[in-house]
Structures are given as structure tokens and as C-alpha cells.
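Given next are the chains, with one letter for each unit.
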Amino acid sequence: MKNDRVTVLGAGLAGCEAAYQLAERGIAVSLVEMRPLRRSPAHKTDLFGELVCSNSLRSDRIQNGVGLLKEEMRRMGSVILACADATRVPAGGALAVDREGFARLVTERIKNHPNITVMEAEATEIPEPPAIIATGPLTDGKLLENIEAFIGEGLHFYDAAAPVVTKESLNMDRVFEASRYDRGSDYLNCAMTRDEYYAFVRELVAAETAPLHSFETPKVFEGCMPVEVMAKRGERTLAFGPLKPVGLSDPRMEGRPYAVVQLRQDDAEGTLYNIVGFQTNLKFGEQKRVFGMIPGLENAEYVRYGVMHRNTFLNSPGKLDPWYQVKAKEGLYFAGQITGVEGYVESAASGMVAGIDLAGKLLGRPRIEYTQKTALGALGHYVSGYAGKDFQPMNISFGIIEGIENPPRNKQERYTKVAERSLAIIDRIRQECE
């Protein structure tokens, strides 16, 4: 394949990462982005790499699957992780960012790269190779029709986002600062008694939801289950889920709270907070009424109510290879959530793998074998080789990374050894590519 200009569709995390990896290797890139001409229902700005919430990048510990994935990406030169690290805000052991600051920095890095040309246009056709399609889980219209006709029937599920409130509107007499198990004080916490919890759950279950504009029965990804749907599974479901009180104690309350709602910082200044685990499809008025029953949120001011939207992903197993290339068309790749990876970090990781692989192909370099012993490789192997009957989006986890011989019984020790092996492989790959 000739060293032609590469077309990348979409300036989300996957598209930006893919474009950057290609450009850093001397490949000319045309990055096609439909904004500001048109926005999807999830977009609020015209910035690249826009996030839904501050903590979308999750745990930063290598004993956690996504923490390991991020460290692998850092070592491989990820622009997304560099921007995230530069705009991070306090969040205990997690990587949270100032969303606007993060998106602005990503936009600057991409637009100012000498090998990247940004084209404001809405793509409707599958580009000729070499190309990467990273148009995201809300891909629709003529482009979606063409993708489905080319690669097969698309699948759908529903995704939800949690509300964001202002700190100054909180009743701080009922709120305390703490992270679980005394790991800092990065979260605001609303403790609930038994009576307060059950009164809240009863109203939550009975609250009115917004209609979903689709002809399909909603298929909700477990990792983004709306809080009202979880509550309907049983009265105590939330108390053992996002409202679990384990590791937290309110200094003003005798004994451990029955349930705790946590709020996580959503901007660098600490003026906005995301209600953790409260993805929802309740009508806006119902959110204000029912969530107002949570101690401390009685008069909360919402800068963003929770929303729910359809996500689209491909039936990728057998159609993509572990580097996200379409098996039936050399030089054509998909990246991001449209492939069936779930989460912002995973999306950026797929863009990184696709971009590096396509660059290597154009430059005549050997293909990088990440293997299933790394998080980067395991994610690609899951998407391309899932053998079950019901392929669903997947976050990275140690469950899909190849284990080690004679593993320690202690889970954290075992994960540490797996992570050390993985990072050693990544370091070797990086050295071989220099």
C-alpha cells in the first residue's frame, strides 16, 4: 500500500488518537469532523474529544484493568492520556479531568499538528483506504446505512449520563468530604438513614421516565444502567451498588450510614459535581423532585440533567482483526465505541492501535504483536474474536487478559504480576519501534 494521505472520520477520542499516531509517524492525515455543521445529541460543544463526565477515564491503579490500559497507552505515547494528565482534577485513585480544559487541549494538539488537516464536513460514504472510521456510537444517517450494508447488520444498546449539580447549591450541613477507606477527601458524600433510603427508592421506582425515540426495545449496557432501572430490580439493589456505604462514615451520624450517594468533582475549580452512578432517563422535573430527597441535594441546582441515548456498535467478531482492520478490505479500519469497545479509555486505545498499525503498514514496518498478555492486545482480541452468541460492548478487565503461571491466591498480588508482565512487553515494543 502506498504512503497516501489517510482519511480519519470523527474527532472523538478514538479519531484524535488515531490521527495523532499516524501524524507522529510522518503520515499526512485528513481528519473529517461534522461539527460545527452538525452535532449529535450527546455533543454540547464543537471541541474535539468531548467527554460526558469528569471521571470518564476511571481508575488509575495498574491493579485495575483500565488503570493498566492507561499506563500502557502512556508508554506508547498517547496524546489523549497526555492531555488528561495535564488537566486532571482530584478524584482519589481515579483519573478525572476538567472536561472543557481537556477537550480544549486535545483540540489544540490535533489542530496544530503539521501533518493533520481538519476538514469540517459530514461524511456519508465509507472512505477508500487507507482510512479509519471513528464516528462513535451515535453514527447515523447515510453513513450508518452504508456501514451496515458493507460490514453487516448493526446492533444497538442504550447509554445514559448522570446529572451535574453546582457545589454552592448543596446543603453542606448534610454533606461530608471523604473517599472510601480514608483514601483522601476527594468526594462529597450524602449519607442516608434506612428510612430516608427506602422513601427515596419508592419515589425513584414510581417516577416518570422520558420516552425513547426508537422503534426498538431498549437494550441497556450493564455498565451504564439507569439508576431507576437498578432500583426496580429490588429495594436493596442500590444499597449494594452505587449507594453502598462500605468504607465511609459520616462524622455526624452514629454508626455506618445505611446508604451513601457520592458526588465527584466535575471541573478544575471544584464548582460542579457529578452524582456518581446516577445515570438516568427520568424526566427533568422528576430528577429534581426525586433526587431532591437525597440529604444535601434538597435545593440542588442542575447544570446538566441526566440523559439517555442510543449507542450503535458493529457485530465485530470475525469482521475485524485484533488491530481493528476490516478483514475484507485491507487498509480500512474502525476505531472507538462503534467497534464494541466500551468506555472512553478503551475507545482511545482502539484508535491508538489502529493508527499505529495503519502507519506501520504504510511505512512497510513489521506488525506489532501486542498479544493477549497486554491490555491493548486483549481488548482487540475480544472485539475481533469473541466466540459467544451475544456480542456486547466490553470494558477492559483482567478477565480478558491472559493469566500467568502459578498465580498468587491474593487477587491484588496476582493483578500486580499480570500488570508488570504487560508493561514489560509494552516497554519492549516501544524500544523496538524507536
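Analysis parameters
- Residues numbered from 1 in each chain as written.
- Predicted model: local features only at pLDDT ≥ 70, side-chain atom pairs only at ≥ 80, totals over all residues.
- Heavy atoms only, no water.
- Phe/Tyr/Trp six-rings, centres within 6.5 Å; stacked < 30°, edge-to-face > 60°.
- Helix = DSSP H or I, 4+ residues; strand = E, 2+ residues; numbered from the N terminus.
- Buried < 20%, exposed > 50% of the residue type's maximum accessible area, 1.4 Å probe, protein only.
- Lys NZ or Arg CZ within 6 Å of the ring centre and 35° of its normal.
- Pairing = 2+ DSSP bridges.
- Axes fitted to C-alpha atoms, helices over the stretch in contact; angles between N-to-C directions.

*Asks:* Outline the packing of aromatic side chains, supporting the account with residue identities and numerical values.
*Replies:* Think of a pair of aromatic rings as described by two things: how far the centres are apart, and how the planes are tilted against each other in angle. Going through the model one piece at a time under the given rule, you end up with 12 aromatic pairs. For the ring pair Phe-284 and Tyr-305, a centre distance of 4.8 Å and an interplane angle of 15° mean the geometry is stacked. Separated by 21 residues along the polypeptide, Phe-284 in helix 8 (residues 284-291) and Tyr-305 in the loop between strand 13 (302-304) and strand 14 (307-313) bring together distant segments of the chain. On the accessibility criterion, Phe-284 (45% relative accessible area) is partly exposed. By relative accessible area, Tyr-305 is classed as partly exposed at 21%. Each member of the aromatic cluster is reached from another via a ring pair, and the members are Phe-313, Tyr-382, Tyr-386 and Phe-391. Across from the ring centre of Trp-323, 3.8 Å away, lies the NZ or CZ of Arg-367, which sits over that ring.

*Asks:* Now, about unusual backbone geometry: what can you tell me, with residues and values included?
*Replies:* Of note, the amide linkage connecting Pro-129 to Pro-130 takes the cis form, showing an omega dihedral of 0°. Mapped onto the fold, Pro-130 is located in the loop between strand 5 (116-120) and strand 6 (131-133). A positive phi is found at Tyr-324, a non-glycine position, where the angle reads about 75°. By the secondary structure assignment, Tyr-324 is in the loop between strand 14 and strand 15 (332-334).

*Asks:* I'd like to hear about the sheet that holds strand 10 (residues 187-192), residue by residue, with values.
*Replies:* Read from one edge of the open sheet, 6 strands run 9-10-11-12-8-13, paired in antiparallel fashion. With partners counted over all chains shown, the strands left at the sheet margins are strand 9 (175-177) and strand 13, one partner each. With strand direction ignored, the average angle separating the axes of adjacent strands in the sheet is 35°.

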